[in-house]
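Tertiary structure, described
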Amino acid sequence: MTGWDTVARADGLEVRRGPGQGPVLVAAHGIEDSWGIWRDLVEQLPNYRLYALQLPWHGGNSYAWRAEGSPGEWLRRALDLVPERPAALVGHSFGANAVLEYLARCEGAPGIDAAVLAAPFYRPADFPVSPAIRLRSEGALRKVIRQGVTLALGPRADRIDPEVVAAMSQKASDRAVVGGLPVFHREFENSGRLDLSGIKVPTLVLAGVDDESLTPMRAAALDHAMPAATVRLRGVYGHFCHVTQARELAREADAFLRRTLSAPALPGAAAEPASEPVPACVTASDLEEEGTVTNLLDGAPTTYVGMPRYEGANIRTWIGFKHFMYLVEEAVLEYFRERGVGARDMYHRYGLGLEIVDSSVQLPATLFVDDRVYATVVSATPKPEQGAPFTVTLTVERGGEAVTVLKGKLRVALVAVKDGSGTEPVPAVLAPFVVPEVAALANTKSASLPIGPGQEVADVLVPEGSGAYLWSWRAPYYYCHFSDRLQHSAYVRTLEEVVDRFLHDRGLAIGKLLEERAWIPVVSRARVQVLSDIFMEETVHTVFTVEDVIKDTVYTARMDCYVRRGDSLELAATATIMHGYAISRGEEAGTVALFDEDVKAALLGGQA
């Protein structure tokens with residue numbers, strides 16, 4: 001690489017000097033990365049001279065180095081090899097944490113005047129590290145490694161089969177997780193034990209709002225713990241912002257360094273970034289001749305960061321249960337994308353429709369509009385002919401800790417689409433989960449009801465005395481998938497709507513109870529199962545029945561969706577829900593509402 005000379009090597013450390021003139025910057029790379037990751041940023045900072053360090057946590061290392069020193073200690077040794085006094089340290093991710101440790105623990109003057117840290121990870125001292133957080137951290141680390149692989153491939157990534165890229169990523173992340181995850185966890189936990197209050201070196205911390213390395217809550221804690229730091233979260237930044245947003249980051253870093261170091265300003269036009277980034281995490285030769293993904297249910301966690309849709313904030317700023325389930329769907333789609341078999345590719349390449357056929361969720365805590373939600377998806381053990389199973393957890397960071405807002409299980413089937421759009425044979429990794437139609441899945445709840453001579457649908461589904469409620473509706477195209485059949489989320493929407501229609505019919509309308517009793521609807525459990533296909537513009541007959549009232553505080557109910565085929569009604573989907581109320585105002589605000597006899601009678605079949 002032109003302009004990058006090796007100026008020192010010792011004890012497995014290496015120092016490279018880059019082009020440029022001006023104040024000296026020394027850069028520390030992240031875990032499973034290399035010194036070369038800094039080239040794009042240096043191109044944008046021509047008024048500085050940068051030394052890039054090759055540190056022991058580079059790509060493919062054994063992690064034996066940790067027994068010989070902490071990241072901060074290794075950084076100190078590397079700085080001793082730099083031939084010039086640095087004006088500032090620059091660190092990314094694991095390297096940024098090494099800088100934090102170095103500054104917090106160095107004895108005497110640190111020998112620098114400023115620091116710029118991109119995407120560090122930080123744990124406030126009182127932030128508990130639970131098993132769920134550890135699993136989420138593994139998923140986040142795997143995501144970082146996958147992103148690094150994509151950077152390593154550069155423009156070639158768009159020309160390579162997505163399944164091949166996924167296999168490359170899997171190989172790299174598996175290798176990194178075995179040795180690197182324990183080290184990563186150790187440093188993550190240690191970050192909250194560092195005394196950052198005594199650091200005097202002005203420090204700029206930059207990260208993306210959706211980067212799990214430094215969530216908004218933990219960024220605020222870092223800003224509070226380190227008075228010398230200026231912490232900024234940007235929507236534009238990703239984890240590798242020093243590469244993918246090199247121009248933007250260079251501008252922020254330069255403005256900060258000029259104020260701090262009295263350095264010369266950048267010229268009006270920054271140099272263009274390099275056409276192809278230097279390999280990060282792994283080398284190109286490591287990635288050649290890979291196969292495709294061989295195990296869809298690999299047990300490795302996938303993480304996803306999302307926010308509930310504004311549509312779901314119907315009562316004050318609380319989010320309704322439907323949008324919890326939408327976030328689960330998005331997280332599972334991310335699981336498939338990460339393995340190179342996203343929903344779009346499966347449709348166009350293999351003629352398969354990715355369908356969620358069963359979702360069961362518990363909602364132990366509330367979700368609010370503007371909450372940033374962290375999802376973790378892990379595969380479970382499959383059963384024959386029942387689809388691909390997963391567990392999903394949604395958490396938010398609130399009150400200084402991770403709060404679980406959803407625990408869920410779901411199953412996915414890959415259904416052959418009717419237009420035969422696939423151009424390639426279905427690969428072996430997907431074949432066990434492919435079915436010709438949803439009804440082909442093994443399911444004991446499938447059923448049909450005969451319609452006798454002279455009977456109407458209502459006579460069969462809601463006979464007199466049943467206490468059930470019937471709502472019939474046409475399946476619109478915007479509730480369908482693949483120009484064809486109702487999708488999972490259509491039934492979730494239907495469950496929400498039929499509850500609302502039922503309550504209004506029984507004199508318990510949501511608006512009425514809000515106004516008269518200050519009751520806010522609360523859903524603590526829900527499950528939706530798709531048993532067979534309902535197709536676009538068929539009539540869906542939806543039956544809602546309250547099954548039980550528990551301790552005068554919640555009711556359990558069942559929704560069944562039927563479609564008429566000839567002289568029978570086929571059960572196509574079923575769902576259950578546990579519903580109650582909280583009191584929103586007055587002396588009892590925040591408590592659970594108790595049902596009186598009129599309410600119970602209305603729920604079980606009468607009018608309030």
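So, a few notes on the structure that sits alongside this text. Bear in mind the structure is a predicted one, so any value in this text is a computation, not a measurement. (Residues numbered from 1 in each chain as written. Predicted model: local features only at pLDDT ≥ 70, side-chain atom pairs only at ≥ 80, totals over all residues. Heavy atoms only, no water.)

Attention now goes to the overall build of the chain. Each helix and strand in the chain was counted, giving 15 helices and 24 strands. With respect to the three principal axes, the spread of C-alpha positions in the chain is 95 × 65 × 45 Å. For the chain, with 608 residues in total, the buried portion stands at 57%. Intrachain contacts of the chain at a sequence separation of at least 6 include 76% that bridge at least 24 residues. About 24900 Å² of surface is accessible on the chain, with carbon and sulfur atoms providing 49% of the total. Here the chain carries 60 positive and 77 negative side-chain charges, and the mean point of each set is 4 Å from the other. (Helix = DSSP H or I, 4+ residues; strand = E, 2+ residues; numbered from the N terminus. Buried < 20%, exposed > 50% of the residue type's maximum accessible area, 1.4 Å probe, protein only. Contact = heavy atoms within 4.5 Å. Areas by Shrake-Rupley, 256 points an atom, 1.4 Å probe, with all protein chains shown as cover. Lys, Arg positive; Asp, Glu negative; His and termini not counted. Charge placed at Lys NZ, Arg CZ, Asp CG, Glu CD.)

Each packed pair of helices is defined by two parameters, the angle between the axes and the distance between the axes. Axis separation between helix α10 (residues 321-338) and helix α13 (residues 488-505) bottoms out at 10 Å; the angle between their running directions is 170 degrees. One element, α10, and the other, α13, form an angle in the roughly antiparallel class. In this structure, α10 uses Phe321, Lys322, Met325, Tyr326 and Glu329 to contact α13, whose residues at the interface are His488, Ser489, Val492, Arg493, Leu495 and Glu496. Class assignment of the residues belonging to the contact of α10 with α13 gives a composition of five nonpolar, two polar and four charged. (Axes fitted to C-alpha atoms, helices over the stretch in contact; angles between N-to-C directions. Parallel < 35°, antiparallel > 145°, perpendicular 65-115°, else oblique. Nonpolar A, V, L, I, M, F, W, Y, C, P; charged D, E, K, R; others polar.)

What follows deals with the packing of aromatic side chains. Inspection of every chain in the model, using the stated rule, returns 23 aromatic pairs. Seen from their ring centres, Tyr63 and Trp65 are 6.3 Å apart, and the 40 degrees between their planes marks the pair as tilted. Per residue, the accessibility class of Tyr63 equals that of Trp65, and both read buried. Measuring from ring centre to ring centre gives 6.4 Å for Tyr469 and Phe502, while their planes differ by 75 degrees; the resulting arrangement is edge-to-face. Residue Tyr469 is located in strand β18 (residues 469-474), and its partner Phe502 is located in helix α13; the two are separated by 33 residues in the primary sequence. Residue class for Phe502 comes out buried when judged on its relative accessible area of 0%. A connected cluster of aromatic rings, assembled from ring pairs, spans Trp57, Tyr63, Trp65, Phe94, Phe121, Phe184 and Phe188. Here the basic side chain of Arg136 rests over the ring of Tyr374, its NZ or CZ set 4.2 Å away from the ring centre. (Phe/Tyr/Trp six-rings, centres within 6.5 Å; stacked < 30°, edge-to-face > 60°. Lys NZ or Arg CZ within 6 Å of the ring centre and 35° of its normal.)

Core analysis: the biggest nonpolar cluster contains 93 residues, and Phe336, Leu486, Leu495, Phe544, Tyr555 and Leu603 have the highest contact counts within it. Top element by residues in this core is α10. It accounts for 10 residues. With residues near it in sequence (within four places) discarded, Phe544 still touches Ala468, Tyr469, Leu495, Val498, Val499, Phe502, Tyr555, Ala557, Arg558, Met559 and Ile577. Core analysis: the next-biggest nonpolar cluster, separate from the first, contains 52 residues, Leu79, Ala96, Ile199 and Met217 among them. (Core = buried A, V, L, I, M, F, W, Y, C linked by side-chain atoms within 4.5 Å.)

This next bit is on the packing of helix α3 (residues 94-105) against helix α5 (residues 162-191). Close contact between α3 and α5 brings their axes to 11 Å; oriented N to C, the two are set at 40 degrees. The pairing of α3 with α5 is recorded here as oblique in orientation. Here α3 runs over α5; the crossing is left-handed. Where α3 approaches α5, its residues Phe94, Asn97 and Glu101 are matched on the opposing element by Val183, Phe184, Glu187 and Ser191. Partitioned by chemical class, the residues of the contact of α3 with α5 number three nonpolar, two polar and two charged. (Left-handed = near helix turned anticlockwise from the far one by under 90°.)

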